[in-house]
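Letter by letter, the chains look like this.
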Amino acid sequence: MIALPEYPLTDAEIMALLASEGEEQNATQLWEVIVKYNGDLGVVQAGLGAAVELLGDNFAILTLPPELIPKLYTYSQIEYIELPKDVSLTLVESMAQACITPVHSPAGRYQLSGQGVIVGMIDSGIDYTHPDFRDENGATRILFLWDQSGSGPPPAGFERGTEYNSTALNTALQNPQPLSVIPLMDKVGHGTGVAGVSAGNGRSSGGVELGAAPKASLIVVKLGAGGRGGSARTTDIMRALKYITDKAGELGMPVAVNLSFGTNNGSHGGSSLFEAYVDSVAGRGKTVIVAATGNEGFAGHHFGGQLTQGQTIDAPFRVDGGHSSVYLALWKHFADTFDLEIIAPGGQSSGVLRPTTPLVQTRLGQTALTVHYGQPSFYNPNQEVFIQLRGVGGGVTPGIWQLFITGRQVVQGDFHIWLPTIEEVGVTTAFLRPDPYMTLTLPSTATRVISVGGYNAAIGAPADFSGRGYTFGQVQVKPDLVAPAVGVRSTRTGGGYDSFTGTSFAAPFVTGAAALMMEWGIIRGNDPFLYGQRVKAFLQQSATRSSGQQYPNPIWGYGTLCLKAAMDALTEYNANK
């Protein structure tokens, strides 16, 4: 059994202790930890031998052996720590449906193209050879491309990856075999498709398949794959946000950043260090951050309940075969005291689990069970109960699992549980009685991002897969608005075009729209403060709304994207101020 520290355990300490027993990772590996700090981290660096990456605004990433993580709390400079979470791709009719085409028109009032604005892409990479990301002379429109998993040299201030500037990319493009010069390809194709929606110029189609901001410059980050199962991590996204916004600041250019990755591992209330950092970056410079709400609407991965004193609620869930590990993240109000019991498909019971024992490890047949009652932080007054099922000598036992939650002392009584995302465990691992609301993935739950859900523009109906709001705890209206997400035609790795579906392909409509707004406001001097929350406000105010529907709501937010209406509202407002 693991020896417990004398002070309350944090999630990071629990995971470090598990690592020391070989349960989660090899203890000889180095771990990344997100920290909020004050003062000089050089003291921590010297004392623990930790590698330190400063992200700005008193956020940093420390890399150190897992057994040293609990010692971070002995330093007064450390205010809070959080382990990175693995994040997953969230896979989408037309620019006309989003009212972007009239804003492009050479005969129109605005004639916007994104010229002078950066579109930042944080994704699976990009096919830099695709004609739609090259100008009329064949030169790249990509200012910088950082492959986080490359062997070097990395960008200045970062520890890993390979950075390519436009000069290097153009040198490769002048070769008949560009991939022999820079052998970097978006094998997944997701990032290439997302980039085409936000900023493709349609050169492969004679200008027909035109993205939202066809003359914008691009800064692209191909996310690393250092998480479990080869997934990217929240720390990778944090590095990418710093990289893109730092570059934009150096160039003196406004930037709209697209995030189409997400996780279910968090409170869904905007209160993690990850979300706090995203909000912090959204407040830097002339920046807009856009995030997809994920594809969890119909996945069956959220269960919500309301307990009264002494009541027991059963939250049964099915685990499909072949999963080495499955987590359940239960979030509740700290004022409430809940007892838990978990019963495996074979009938083995964990017994009654109470918060008086903050860490429980046991075996239910061939599945190892870990349950950790967390503590509130200065960022979040709520409590997480983290439940992990891990196969021993094979996968987690498939079948119907039962989770019983009993209200021992109840003040508020509402709680929410999330399973991993559809990209991690599919749709057959799911709750038997799921709740489709509060299915937004992080970081679309962050306050300052523009959170974008998806709808089927061909029939004017919401997409059943689109993540729905609102948020937990301090309730925020999310999504902010929705955009086309079904059968969206965009750029394909290797050339040409393909059809895509998912909220990942709704978000870049809004990212490109934001770039056009900043071109009109900042580059052309019509509204020098048109960035951040101001962009969000005009997009919400001008969104298309159906009669008979109450807005905002958890499915549509403030309505569907209509850039032309936003531009008209901006023009009128600036003329009358």
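Residues numbered from 1 in each chain as written. Predicted model: local features only at pLDDT ≥ 70, side-chain atom pairs only at ≥ 80, totals over all residues. Heavy atoms only, no water.

> Hey, could you go over the packing of aromatic side chains for me, with residue numbers and the actual values?
Per the counting criterion, the structure on display carries 13 aromatic pairs. Judged by centre distance (6.4 Å) and plane angle (15 degrees), the rings of Phe317 and Trp401 are stacked. Highlighted residues: Phe317 in strand β16 (residues 317-319) and Trp401 in strand β22 (residues 399-409), separated in sequence by 84 residues. The burial state of Phe317 is the same as that of Trp401; both residues are buried. Taking 4.7 Å as the distance between ring centres and 20 degrees as the angle between the ring planes, the aromatic pair formed by Phe500 and Phe505 counts as stacked. A residue is classified by how much of its surface remains accessible, and Phe505, at 0% relative accessible area, is buried. Pairwise contacts between aromatic rings join Phe303, Phe317, Phe338, Trp401, Phe415 and Phe431 into one cluster. Here Lys247 stacks its cationic end above the ring of Phe144, 4.0 Å away from the centre of that ring. The ring of Tyr437 has Arg468 sitting right over it, with the charged end atom 5.7 Å from the ring centre. (Phe/Tyr/Trp six-rings, centres within 6.5 Å; stacked < 30°, edge-to-face > 60°. Helix = DSSP H or I, 4+ residues; strand = E, 2+ residues; numbered from the N terminus. Buried < 20%, exposed > 50% of the residue type's maximum accessible area, 1.4 Å probe, protein only. Lys NZ or Arg CZ within 6 Å of the ring centre and 35° of its normal.)

> Which residues make up the environment of Gly395, and what are the values?
Structurally, Gly395 can be placed in the loop between β21 (382-391) and β22. Excluding residues within four positions of it along the chain, Gly395 makes contact with His323, Ser324 and Gln366. (Contact = heavy atoms within 4.5 Å.)

> Break down the side chain of Thr439 for me, with residues and values.
With respect to the helices and strands, Thr439 occurs in the loop between β24 (430-431) and β25 (450-456). When near neighbours in sequence (up to four residues on either side) are disregarded, Thr439 contacts Thr293, Glu296, Gly297, His302, Ser466, Gly467 and Arg468.

> Hey, could you go over the state of the cysteines for me, with residue numbers and the actual values?
Overall, the coordinates contain one disulfide when judged by the stated rule. Shown here is the disulfide that connects Cys99 with Cys562, its sulfur atoms set 2.3 Å apart. Because the sign of the S-S torsion sets the handedness, a value of about -100 degrees for the bond joining Cys99 and Cys562 places this disulfide among the left-handed ones. Residue Cys99 is found in the loop between β5 (86-89) and α3 (101-104), and its partner Cys562 is found in the loop between α11 (533-541) and α12 (563-576); the two are separated by 463 residues along the sequence. Like Cys562, Cys99 is buried. (Disulfide = S-S within 2.5 Å.)

> Can you break down the side chain of Thr491 residue by residue, with the values?
Looking at the element boundaries, Thr491 is found in strand β28 (residues 488-491). Classification of Thr491 as buried rests on a relative accessible area of 2%. Looking at Thr491, its side chain comes within polar contact range of the main-chain oxygen of Thr192, at 2.6 Å. Among the polar contacts listed, one links the side chain of Thr491 to the backbone nitrogen of Gly196, at a separation of 3.4 Å. (Polar contact = N/O pair within 3.5 Å; in protein donor to acceptor, adjacent residues only side chain to side chain.)

> Describe the pairing of strand β19 (residues 359-364), naming the residues involved and giving the relevant values.
Bridge count for β19 against strand β20 (residues 367-373) is six bridges, and the pairing is antiparallel. Opposite Gln361, over in β20, you have Thr370 as the bridge partner. Joining the antiparallel neighbours β19 and β20 is a turn of two residues, in which Gly365 adopts a positive phi near 65 degrees. (Pairing = 2+ DSSP bridges.)

> Kindly report on unusual backbone geometry, identifying the contributing residues and their values.
With an omega dihedral of 0 degrees, the bond running from Gly152 to Pro153 counts as a cis peptide bond. In this fold, Pro153 is placed in the loop between β7 (142-147) and β8 (162-165). With phi around 60 degrees, Cys99 is a residue other than glycine that occupies positive phi space. Positive phi, close to 60 degrees, is recorded for His268, a residue that is not glycine.

> Account for the confidence of the model for the protein, naming residues and giving values.
Per-residue confidence for the protein gives a mean pLDDT of 90; residues scoring 70 or more make up 93%. Confidence drops under pLDDT 50 across residues 1-27; counting only partners more than four residues distant or on other chains, this segment forms 58 contacts. (pLDDT = per-residue confidence, 0-100.)

> Could you give an account of the nonpolar core, naming the residues involved and the relevant values?
Core analysis: the largest hydrophobic core is formed by 65 residues, its most contacted members being Ile100 and Leu561. Here this core gets 11 residues from one element, more than from any other, and that element is helix α10 (residues 507-523). In this structure Leu561 touches Gln97, Ala98, Cys99, Ile100, Leu481, Val482, Ala483, Phe509, Val510, Ala513 and Leu539, once residues within four positions along its chain are discounted. Counting residues in hydrophobic clusters, the runner-up holds 36 residues, among them Leu259, Phe274, Ala276 and Ala446. (Core = buried A, V, L, I, M, F, W, Y, C linked by side-chain atoms within 4.5 Å.)

> Give a description of the sheet that holds strand β1 (residues 31-37) that names residues and reports values.
The strand order across the open sheet built from four strands is β2-β3-β1-β4, with neighbouring strands paired in antiparallel fashion. Strands with a single pairing partner mark the edges of an open sheet, and in this sheet they are β2 (51-56) and β4 (78-82). On average, each strand axis in the sheet is inclined to that of its neighbour by 30 degrees, with strand direction left out of account. Of the strand pairs in this sheet, β2 and strand β3 (residues 59-64) are connected by five bridges, and their pairing is antiparallel. Looking at the pairing, Glu53 lines up with Ile61 of β3. (Axes fitted to C-alpha atoms, helices over the stretch in contact; angles between N-to-C directions.)

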